[in-house]
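# Summary of the model geometry
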Amino acid sequence: GAGVSQSPSNKVTEKGKDVELRCDPISGHTALYWYRQSLGQGLEFLIYFQGNSAPDKSGLPSDRFSAERTGGSVSTLTIQRTQQEDSAVYLCASSSRTGNEQFFGPGTRLTVL
Amino acid sequence: GDSVTQMEGPVTLSEEAFLTINCTYTATGYPSLFWYVQYPGEGLQLLLKATKADDKGSNKGFEATYRKETTSFHLEKGSVQVSDSAVYFCALMGGSGYALNFGKGTSLLVTP
């Protein structure tokens with residue numbers, strides 16, 4: 001079946017602009033995660049959604065970052081007023097409610113000029 | 001807090017050589033441990049996992065044993081292939097039950 005998909009695959013933006021990154025999880029997976037992969041920090045957890053529960057936003061690096069998940073499926077990660085240090089690959093993953101294996105998407109490479 | 005330390009790469013091996021990538025962790029409680037692999041141009045894939053002490057995870061000829069006494073989860077393969085060239089990430093899932101905490105990754109290059 002289809003895996004986790006993310007769009008766009010690449011995004012180049014100017015400092016100060018807002019960006020939206022999209023994630024389509026595997027159908028039927030109720031848990032969704034965002035991670036960030038950067039040269040300096042490695043892979044970092046950002047946010048977790050499980051069903052209709054309140055998300056765990058403890059990994060978001062600043063209040064410029066936000067995420068939502070509509071209808072328990074598609075998720076959007078929004079970065080406002082982008083900074084150069086936001087340049088990274090943003091990874092989305094999903095998992096079934098009862099399993100703990102996380103399936104990752106191909107990522108969105110964000111470059112802030 | 002929880003953390004994962006893995007050996008720095010890059011690691012370069014000849015085909016059919018023995019591979020070990022060291023991974024140690026710090027965590028409270030009893031974390032689950034994972035190895036993920038990222039092939040060139042592809043997304044992260046789960047390679048193997050172990051959920052309790054002394055468990056051995058294995059897949060595609062790779063193995064790792066959860067050693068609580070040494071807080072380690074070293075990845076091994078007896079005979080590597082060129083197609084094993086990738087970046088390998090050790091990770092743990094701790095008290096949250098869902099957030100993965102990754103090591104920095106180890107790049108492996110296998111030459112013919």
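Presented here is a report on the structure given in the accompanying data block.

Reading guide: rules and limits
- Each chain carries its own residue numbering, running from 1 in the direction its sequence is written.
- Each chain gets a letter, beginning with A, and each ligand a number, beginning with 1, in the order they are written.
- Only residues with pLDDT of at least 70 are given local features in this predicted model, and only at 80 or more are side-chain atom pairs given and counted; all residues enter the totals for whole chains, interfaces and linings.
- The side-chain figures draw on all heavy atoms in the structure; neither hydrogens nor water molecules are used.
- The contact definition used throughout considers only heavy atoms, calling two residues in contact when any of these lie within 4.5 Å.
- Summed over both partners, the accessible area (1.4 Å probe) lost when two parts come together is defined as the buried area.
- We define a salt bridge as a side-chain nitrogen of Lys or Arg found within 4 Å of a carboxyl oxygen belonging to Asp or Glu.
- Counting of polar contacts relies on pairs of N or O atoms within 3.5 Å, with two restrictions inside protein: one atom must be capable of donating a hydrogen and the other of accepting it, and residues adjacent in sequence are counted only when both atoms are side-chain atoms.
- For helices the rule is a DSSP run of H or I covering at least 4 residues; for strands it is a run of E covering at least 2, with both sets numbered from the N terminus onward.
- Strand pairing follows a simple DSSP-based rule, namely that at least 2 bridges must link the two strands.
- All axes are obtained by fitting lines to C-alpha atoms, using only the stretch in contact for helices, and the reported angles, taken between N-to-C directions, cover 0 to 180 degrees.
- In this description, a disulfide is simply a cysteine sulfur pair whose atoms lie within 2.5 Å.
- Buried, partly exposed and exposed residues are distinguished by accessible area as a fraction of the type maximum, computed with a 1.4 Å probe on protein chains only: under 20%, between the cut-offs, and over 50%, respectively.

### A closer look at the interface of chain A and chain B
Accessible area lost when the parts come together is the quantity often used to give the size of an interface. If you look at the interface, chain A gives 17 residues, while chain B gives 15 residues. Together, the buried faces of chain A and chain B total about 1400 Å²; carbon and sulfur atoms form 57% of this surface. At the boundary of chain A and chain B, one finds zero salt bridges. Along the contact surface separating chain A from chain B lie five residue pairs in polar contact (both at pLDDT 80 or more). Those elements giving two or more residues to the side of chain A that touches chain B turn out to be β4 (31–38) and β5 (42–50) of chain A. Counting residues per element, the side of chain A that touches chain B draws most heavily on β5 of chain A, which supplies four residues.

### Details of the sheet that holds strand β8 (residues 62–65) of chain B
Residue and element names in this part refer to chain B. On the basis of which strands lie adjacent, the open sheet formed by four strands has the order β3-β9-β8-β7 and antiparallel pairing. Of all strands in the sheet, those bounded by a partner on one side alone are β3 (19–21) and β7 (56–59). The mean angle between the axes of side-by-side strands here comes to 15°, regardless of whether they run parallel or antiparallel. Pairing geometry for β7 and β8, over four bridges, is antiparallel. Note on β8: the bridge partner recorded for G57 is A64.

### Overview of the state of the cysteines
Cysteine pairs can be covalently joined through their sulfur atoms, and such a bond is termed a disulfide. By the definition in use, this model includes two disulfides over all chains. A sulfur-sulfur separation of 1.8 Å characterises the disulfide bridge that pairs C23 of chain A with C92 of chain A. Judged by the sign of its S-S torsion, about -65°, the cystine formed by C23 of chain A and C92 of chain A is left-handed. A residue pair is termed long-range when its members are at least 10 positions apart, and C23 of chain A in strand β3 (residues 19–24) and C92 of chain A in strand β8 (residues 88–95) qualify at 69 residues. The buried category is assigned to C23 of chain A, whose relative accessible area is 0%. By relative accessible area, C92 of chain A is classed as buried at 0%. Across a sulfur-sulfur distance of 1.9 Å, C23 of chain B and C90 of chain B are joined as a disulfide pair. With the S-S bond torsion at -70°, the cross-link from C23 of chain B to C90 of chain B turns out left-handed. Placement of the pair is C23 of chain B in strand β4 (residues 23–26) and C90 of chain B in strand β10 (residues 86–93), with a sequence separation of 67 residues. For C90 of chain B, a relative accessible area of 1% translates into the label buried.

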